[in-house]
Every structure is written in C-alpha cells, then in structure tokens.
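Working through the structure, step by step
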Amino acid sequence: MNKTDLIIEKVLKEPVTDHVVLSCSRAEAHSIRFSNNSVNRENLHKVEEEVKAEVGYEGRTGVYKTNDLSEDGIKHAVKKAYEAAKLLPKDPEYMPPVTREEAGAAKNFSPAFGEVSDERKYGILQAAFSEIKKAGLNSAGILSTNPYTVRVCNNKGVRASHSNCYSSFWLTAMTGNSSFKDFHITRDFSDYDEKTFVADIIAKTRLSKDPAPLDPGKYTVVLSPAAVEELLMKFLWYNIDAKAIDEGRSALSKRQGEKIAHESVHIYSRPDHEKVSLFPFSPADAMPYIDFDMIKDGKLASAWYSRFYAAKKGVRATGRGPGSVIFKGTDKPLDKLIANVENGLYVNSFWYVQLVDLMDGVFTGMTRDGLFRIKNGKLAGSANNFRFNQSVFDLLKNTAEIGREKNMTYTSIPPITVRDFNFVSKTEF
Amino acid sequence: MNDLSEITNYLKGKKVRFADARENLFHEREILTEDTRVEHIDEQHVLGTGIKVLYENGWGYASTSAKDLDSLRKAADKALALAKHADKSASGKVELASEPKHVAKFVTKIKEDPLGVDIGDAVGVLIQAGETILKGKDVIKARGYLVLRNIKKKYANTEGSLIETNIYTVMPEIMAIARANGEVKSRHYRPSPMNAGYEYFRGLDLQPEAGRIAAQAREHCFAKACETGPATLILDPEHLSLTMHESVGHPTELDRVLGYEESCAGRSFATMDKLHKFKYGSEIVNLIADNTLEGGLASCGYDDEGVECQKWHIVKDGVLCGYGVNRELAHKMNLARANGTTKAANYFDVPITRIPNLYLAPGKKPLSFGELIADTENGIYIEGQGSFSIDQMRLNMQFGGDAFWEIKNGKLAGMLKNVTYNATSYEFWRACDAIADERFFKRSGTIICGKGDPMQLAQMTHGASPARFRNIMVRRSK
Ligand SMILES: [Zn+2]
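1. Brief notes about the sheet that holds strand β23 (residues 442-451) of chain B
Residue and element names in this part refer to chain B. A sheet is described by the order of its strands in space; here 6 strands give the open sequence β12-β11-β10-β15-β24-β23, paired in mixed fashion. Sheet topology places β12 (319-320) and β23 at the edges, where each strand pairs with a single neighbour. Two elements, strand β11 (residues 311-316) and β12, share 2 bridges in a ladder whose sense is antiparallel. Residue Lys316 lies in a different strand from β12, and its bridge partner there is Val319.

Shown next as structure tokens:
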C-alpha cells in the first residue's frame, strides 16, 4: 500500500457517516505538441493526482475534490464534502454507496503495456518530420502517453482499482491549400507501424491538393470511423439517457419500438473489449460497466441507465455513459467500401459537430482534413469542404455498407457508406 | 514567492534563455439543479506549480503539486530536459518580446468571497427558481446552474517579475423545457458571467425571469416555422457575444493564424497580409479587446507570461487591425510588446494565447432598440445562444439562437421556430448596417472557451448593443 492508500484506509475505518466514498486517481501525461514540422510550446509533462471525497448524510450527497493528498488534505476534503451534504435538501434520487456485491460483478482485466521512453517518442516524431519535409509538406499534431490508475474505496468495503494507459499520435499534413489527418491510438506504441502510417498520410495529403469546387447537395458518402464517431457519440450523448426518454425530452422518446437504423447496424458496449477498454467500473463510484446492446435489429435495444433510474425501473445499471461504444464492423477494408461507390465522397473527418434539432436528431458540422471525390470506385482528388445538416436517424437508416472497425480511445467503429447525406453549404477551402 | 524566485534563479544558473514559475490555485464550485433537486455538485481545489523553460530554441514545461523546494527543483529539471529535447527539433530562432519587470498585485474587487458562502444558499435560490419554472404550463423540466470560481496565482520569471493575482468569478444560469403541440423547446436566462463577488449573485432577481422563460419555452412550441431564404436579422447582445467569439475572437489569435493550433482548433482566414487592409465588417463595426475592463472575465492585471493586461482594437471602422499576441510571436508583427492575453487553465497547463474580453462598440448615433425594430420592415429578431458551428478557418458559420421573433412592419409579431442562419464570417460583419447606442449595451461571455491540446478552458467577457444584419441566409432547420 502506498501512502495515499494508508490514509484512505485510516479515514474509512472511522467514517464520518455511513456513506463515505474516496476515489483516487493518478494520471501521468506527457504531451508533445508540434506544428510547422517542429516541436514547440506545448511540450509538457504533468502528473495529476487527486482524491474525490463523497459523503452522504441522510439522503444527501456532498462532494469535494483536492490534489492535496496529505492526511490533512484528504481529511479536509471529507470534512468539506460532509459540510456540503448537510446544507443540501434531501435528494429523492439519493443512492447509498455501491456494495461489495455490486462492485464484485466488474469484469476483471488488466492490460499489459510498456513504458514509452522519451527517445522513442522523439524518434517517432523526428522520423515523421523528416518524411513529411522530404515530401514538401507541413505538419501539426500531438503525440501523447497517458498511463493512469484509478482506485475507488468506500466504507462498505469496496476496494476497486484499475491501471491502464492510452497513448496516441495525431498527425495532420498540409499542402499549401489542403490538409489530411490520421491518428494511431495505442497503449504503448508497440503496434505502431511508422512506414505505413506516415506514407499513407503523405499519399492522401498529396491527393488532397487543389480541392475542386463542388456544390453542396445530397451525396452518397463513405464516412471514416472518426467521422462516424463524431456524429454517433454526440447523438447518443443527447438522446439515449433512459430518464430523458421517459420524460419526453429525447429524440428517442417518440421512437421507442420504431425503426431507427438499418437492420445491419449493431451498436453495443463491451467494457473488456480487447483494445477499447479504459475502465472495468465507473471511476466515480466503482459500479461495474456491463455488456449491453444500444441499437440492434434497427431498433433501440437499451438506453443508458443511472444506478438510481435502473433501480427504479428494475433493470441493470449501464452507467451514463457506458464503458465503451462499439459499432459492429465487418471484414471489409475501407478500400472495398470506396470501390463499391460509383459517384460520391469520402469524408475523412468532421469538425464542430453541434446539435441543431434535439427532437429529430439533426446535427450540423463541417468536413475537415480530407474530403475526397469518389469516381468509379476510386478516390479522385479532393473537394472544397462542406457544411452538413443531417438527421442521425436518416444516417443510420441510409447505411448501405459497413466496413472494418477501427479502435479509437473509447470506441471501436467501422467506416460506413451512407446514401443521401445532406450537405447544405460550402466554404472557401 | 521566495520559492518561485529561487527556482527561476536556479534555472538562470543552468543557462536557460528564459524561465518562469507559476503557482496556480483553481478552486471551483459547480451546482446543477434539476427541477427541485440537486442533480450534481462538484467542488475542486487544485493547487500546484508549473515551470516553463526556454533553452536555446526549445520549450519545456513541467509541473508539480508538491510545495517543497526539492520537488520544485525536480520539476525545473524535468522542464529543462524537455526543452533540450525540443531544441533539437526546433525550426527557427525563438525571439521573446520584452516586457517591463512587474512587481505587482491584482485582485478582483469583491464584497463577499463566493466560495466562502454556504452552498445551501445558492442551492436554495436555484431550487426556488426551479419551483417557479415548474409552475409554468406544459413545462416538463427546470434546471439551474451556478459556477463559482477563484483563481489565485503567483508568478516569477528570470527577468525579475513577481506578480500575484486573485480572481473571483460568478456564472449563473436557469433553464425551462416545455413540451406542447408535438414540440419540445427550451428557454434560458443567462445573466452575464462576471468577475465579481457573491454579491453579484445575491443581486439577481431570478423569480420574474424564471416565470418568463417558462412561458416563452411553451410559446416557442406553438411558434410558426421560419421560411428559408435571405432575411434581415436583429441580434441581441447575448447572441452577438457568441457570434463575435467564434467569428472574430478565435480567428484573430495570432498563434492560430500562424499555424500553431492547426492540429486541433484549426487556423484562420484572417492572415497577417490582411492587417490594416482587410474589410472585416461594415464601417460602423468596431471590435475592441480590453483586458482592463472592470469585472471582465479576462481581466486579471497580468497574464501568465507576466505581461500587463491592455486594451486594443481588433477591428477599427470595419478594418482588421489587431490580434491577440503572445511574447513569442509579437516580433512576427513587428510589435515591441505582447498584449497580455496568454493564459493557462491550471498549474499543469502551458499558457497559450486566449481571446481577450472582446466587445462590439455601441453605435455612435442615438438609436434605441425600439427604434431599431421600428426601422425594420421585415426580419427576424434573435435572442440568446443556441446551435453554433464554424469551420476551422473560421469562415463558414451557422448559428441558431435561444428564441426567435418575427419582425413585421416594424413590430415584433410572434415567435418563430427552427431558425438557423448561415454566412461567411466577414460577409456577416459587412452586412451590419445599424447598432443601437450605448444605453442598450449588455455584457455576456463564457467561462468554457476550449483551446489547446490537451484542451484548456478559459473565460472572457463579450458584449454588444443590439445590431442589425441585412440579407443573411436563413435556413429552416427541419
Ligand atoms: Zn472559444
């Protein structure tokens, strides 16, 4: 046990009330940000260590977070949380701490990952800069490593702990009038293939040069996994909470039991997914994340349930949101999807996606860092960027083909082909 | 302060070109109410020190939450090591604009420490507003939100500056959601967030506003859908605050303009070749940056590079004439000095150029809001903030709003729904043909402006008098 754990045990041995939860997190991040083919400004190393004290008092819950991990610091946080709880009105949705039995259902996984040395990080960057400079292109992006540990302890005997790491390399390459972006998400870069990653970015960036003027309208599009993620996650975030659905404030309120997606669309959560697994339990209260379906057979399968609302409805809590979001893919590579489109567009990423109409699931946003024309099944140069106003229900219903999943930080999502995607205006680049 | 100076002196001995040390406390209380219950409270108290080093032409940054000198020295060594690594891949010479040495203190003028007040007081006020909102016909949800913030900093650099700042911020909001006529619509009341004490929150009378937004949320459900096509818009100060933030504030951050933010926030169409030439707006458009504004969210005396807060024009008589500039990039504009708007959100964050307090200057000719409406035959009046999106060069923008009214024959004629408008940012500002005078000026602003990678949040005030924009493309959102 380290020093913080000993203090936590001491505090929990004599809890101030029958409801004391101490969540402790430690994240040690190194982020190397670069632009104009060089490392500048944001080259930072940070260690964030924090304890969150949650104290319940007669049906009320107070919270206080501190990064003072001394005994006095943690005791002070408990005191402040207790004081806050006493000043609050009784909460009809109050929930006592998670029990050992509840917490025991968590899937146990502990991913293996190695330490990434500074030499390795700067080596990856130098190699990329040198290839990109050689190609006569500019670059910007970030390489970061983020090992972390979370530990949730409460006075009911729960001691949940998890260590993991997520690391990533985001690289945008630019010509004078266009750009292309890709990323590699990993735990420790042991699976990073330098040659392919940078070479593919260089090839696509060259192809993006001199975007052709194109008018907005409805197009058949192949959306990259990142583009699908941007829209899907916003959509889920606004709409899939069970309480909001029941209270009539979600686009899904009037669509329960209705067809909301093509039959082939299957969206689910799997906390112990081989690549996409950040936490086996909620770092807030140690409640386990569970396997469940969100959209299946073209319909809403299950919404997201908080612990309180799940208890009220007599179902299992999924968390708001869940441990991960998986969009079930196929074995078709992206090229295959593009090959099956005679005339359309390939969208590499979206930008500034925002809600436009809640009740019909309409979102707006821009294309960014790679919008390519598809002609006779091949990428044929780039086009000026578009703004879309698109209903996610229409998008899911008009999904014509699904490709191979790509693992991202919190999701695993395939590229998809969508008919009649609604671009409404264009921009100057 | 002694420890911080000791660290900068220690680094001086290691032959760094520049170094600074910043102790940063971020103390924030957040309260979110749902109907008549507390949905969420959060209070965080995060204290630590960040150390920035320029070695030759490489930057390094490291931080620690420990307070002892030994830990500070270790962080200084880490920052120096990172700077040496970065120097190896540096692309050019780093030149820092000079800044006078400051030994100074700056404190937000307050009567009552917002974080010293019992949480029960604010919760009570928000729940009371919730009760009033829920009395509204067809209202299905009430929300209240309050953020109370205290940011305390101590700063020392190798040039001898020693600065202490102590900033207090209050940000309240209430919201109603109504369901009727097959629609669900929300309506907000957002008094301007302010750098102020708790007395600002105490001075707000939320009750009448709670009743009003409940009724307007319902009225919105019965509103007529707008027509698609070019229209005249009159925009209220709260709405304009968001438009100017996105279409003027971000594109005139010089680091963005020069490509440093490409990977995340993007770049800017407002490139330096356009300075003092480009017609950003019509001749009546003056957009002023002012980090000395009393109570302004970005007013902090000195920024996180030790530069004094200043006031300058971004757009003067319609022409682009300034940027937000840090010490490293000032020489690119031949500026002798940065303009004091570079900040970090937390001790572990690197300071970056942030949007200053930025406002649209009121019209010079006497013009009331009523006269502005009366002078407009047909159009749409928009209040508050709704959907907003803009491309990464800050050109193609699309905005919604919180509430919309039809203007018919110079009069407000009932609410509209499903309104969005779309424009190229400079065409939008060029289409401004009338601005109400200073009597109608109102502040607004944000405390959650995101920038950087990893993302950092910053706060800044905006403001305007109601203004009119001609021939803007309005699109019915569904
Ligand atoms: Zn912003």
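2. Here's the deal with the nonpolar core
The biggest cluster of nonpolar side chains holds 72 residues, and the ones touching the most others in it are Leu223(A) and Phe421(A). It is helix α6 (residues 225-239) of chain A that contributes the most residues to this core, 8 residues altogether. A domain split of this core shows at least three residues from each of domain 1 (3-204) and domain 2 (211-426) of chain A. Core analysis: the next-biggest nonpolar cluster, separate from the first, contains 63 residues, Ala97(B), Val325(B), Met333(B) and Met397(B) among them.

3. Quick look at the side chain of His45(A)
All names here are of chain A. Mapped onto the fold, His45 is located in strand β2 (residues 38-56). For His45, a relative accessible area of 13% corresponds to the buried category. Among the polar contacts made by the side chain of His45, one reaches the side chain of Glu28 at a distance of 3.2 Å.

4. As for the pattern of salt bridges
Any two side chains of opposite charge can pair if their charged atoms end up close together. Inspection of every chain in the model, using the stated rule, returns 73 salt bridges over all chains. Each of Asp91(A), Glu93(A), Lys243(A), Glu247(A), Arg249(A), Glu34(B), Asp35(B), Arg37(B), Glu39(B), Lys141(B) and Arg143(B) takes part in a single network of salt bridges with overlapping partners.

5. Observations concerning the domain arrangement of chain A
Residues and elements named next belong to chain A. In terms of domains, chain A is made up of domain 1 (3-204) and domain 2 (211-426). Between domain 1 and domain 2, the C-alpha centre-to-centre distance is 25 Å. At the junction of the two partners, domain 1 supplies 36 residues and domain 2 supplies 33 residues. Counting the surface lost from both domain 1 and domain 2, the interface buries some 3000 Å², and carbon and sulfur atoms represent 61% of this. Connecting domain 1 to domain 2 are 7 salt bridges.

6. A word on unusual backbone geometry
The step from Arg320(A) to Gly321(A) runs through a cis peptide bond, and the omega angle for that step is -5 degrees. One can find Gly321(A) in the loop between α8 (307-313) and β11 (325-327). Cis geometry is adopted by the peptide bond preceding Pro454(B), which originates at Asp453(B) and carries an omega value of 5 degrees. Along the chain, Pro454(B) turns up in the loop between β23 and β24 (456-464). Non-glycine residue Phe189(A) carries a positive phi angle of around 70 degrees. Relative to the assigned elements, Phe189(A) resides in the loop between β6 (179-186) and α5 (194-208).

7. Focus: the interface of chain B and chain A
Bring the parts together and some accessible area is lost; that lost area is often taken as the interface size. Every contact between the two is made by 81 residues of chain B and, on the other side, 69 residues of chain A. Together chain B and chain A conceal approximately 6400 Å² of surface at their shared face, both sides included; 49% is due to carbon and sulfur atoms. At the junction of chain B with chain A, the criterion picks out 9 salt bridges. Here Asp42(B) makes a salt bridge to Lys65(A), at a shortest N to O gap of 3.2 Å. Where chain B meets chain A, there are 30 residue pairs in polar contact (both at pLDDT 80 or more). The residue inventory of the side of chain B that touches chain A, partitioned by class, reads 31 nonpolar, 26 polar and 24 charged. As paired elements, strand β3 (residues 61-66) of chain A and strand β2 (residues 37-55) of chain B share 2 bridges and run parallel to each other. Residue pairing for β2(B): Lys65(A) is matched across the bridge by Gln44(B).

8. Considering helix α3 (residues 119-134) of chain B
Each α-helix winds once per 3.6 residues, and so residues spaced three or four apart point in a common direction. The end-to-end C-alpha separation of α3(B) is 23 Å, in line with the 22 Å expected for 16 residues at 1.5 Å each. Taken together, the buried positions of α3(B) are Ile119(B), Ala122(B), Val123(B), Leu126(B), Ile127(B), Ala129(B), Gly130(B), Thr132(B) and Ile133(B).

9. Focus: the environment of Val356(A)
All names here are of chain A. Take Val356: it is sitting in strand β13 (residues 350-357). With a relative accessible area of 16%, Val356 lands in the buried category. Along the chain, Val356 and Ser224 lie 132 residues apart, while their C-alpha atoms are 22 Å from each other.

10. A word on the pairing of strand β19 (residues 403-408) of chain B
Residues in a regular strand point their side chains to alternate faces of the sheet. Residues and elements named next belong to chain B. With 5 of its 6 residues buried, β19 lies for the most part within the structure. Note: strand β16 (residues 378-383) against β19, 6 bridges, orientation antiparallel. By the bridge assignment, Gly379 is partnered in β19 with Ile407. Two elements, β19 and strand β20 (residues 411-417), share 4 bridges in a ladder whose sense is antiparallel. Residue Lys408 lies in a different strand from β20, and its bridge partner there is Lys411. The turn joining β19 and β20, which pair antiparallel and follow one another in sequence, is formed by 2 residues; a positive phi near 50 degrees is taken by Asn409.

11. With respect to the coordination of the zinc ion
All names here are of chain B. Every protein donor of the zinc ion is accounted for by His245 (NE2), His250 (NE2) and Cys449 (SG), and the metal-donor separations fall at 2.0 to 2.4 Å. For the zinc ion, the donor residues sit on a single chain with the sequence spacing H-x4-H-x198-C. On the criterion of sequence distance, the pair formed by His250 in the loop between α6 (237-249) and α7 (254-257) and Cys449 in strand β23 is long-range, its members being 199 residues apart. Each member of the pair, His250 as well as Cys449, carries the same accessibility label: buried.

Rules used throughout
- Residues numbered from 1 in each chain as written.
- Chains lettered and ligands numbered in written order.
- Predicted model: local features only at pLDDT ≥ 70, side-chain atom pairs only at ≥ 80, totals over all residues.
- Heavy atoms only, no water.
- Pairing = 2+ DSSP bridges.
- Helix = DSSP H or I, 4+ residues; strand = E, 2+ residues; numbered from the N terminus.
- Core = buried A, V, L, I, M, F, W, Y, C linked by side-chain atoms within 4.5 Å.
- Buried < 20%, exposed > 50% of the residue type's maximum accessible area, 1.4 Å probe, protein only.
- Domains from an automatic or database assignment.
- Polar contact = N/O pair within 3.5 Å; in protein donor to acceptor, adjacent residues only side chain to side chain.
- Salt bridge = Lys/Arg side-chain N within 4 Å of Asp/Glu carboxyl O.
- Contact = heavy atoms within 4.5 Å.
- Buried area = accessible area lost by both parts, 1.4 Å probe.
- Nonpolar A, V, L, I, M, F, W, Y, C, P; charged D, E, K, R; others polar.
- Expected span 1.5 Å × (residues − 1).
- Donors = N, O, S within 2.8 Å, 3.2 Å for Na, K, Ca; no water.

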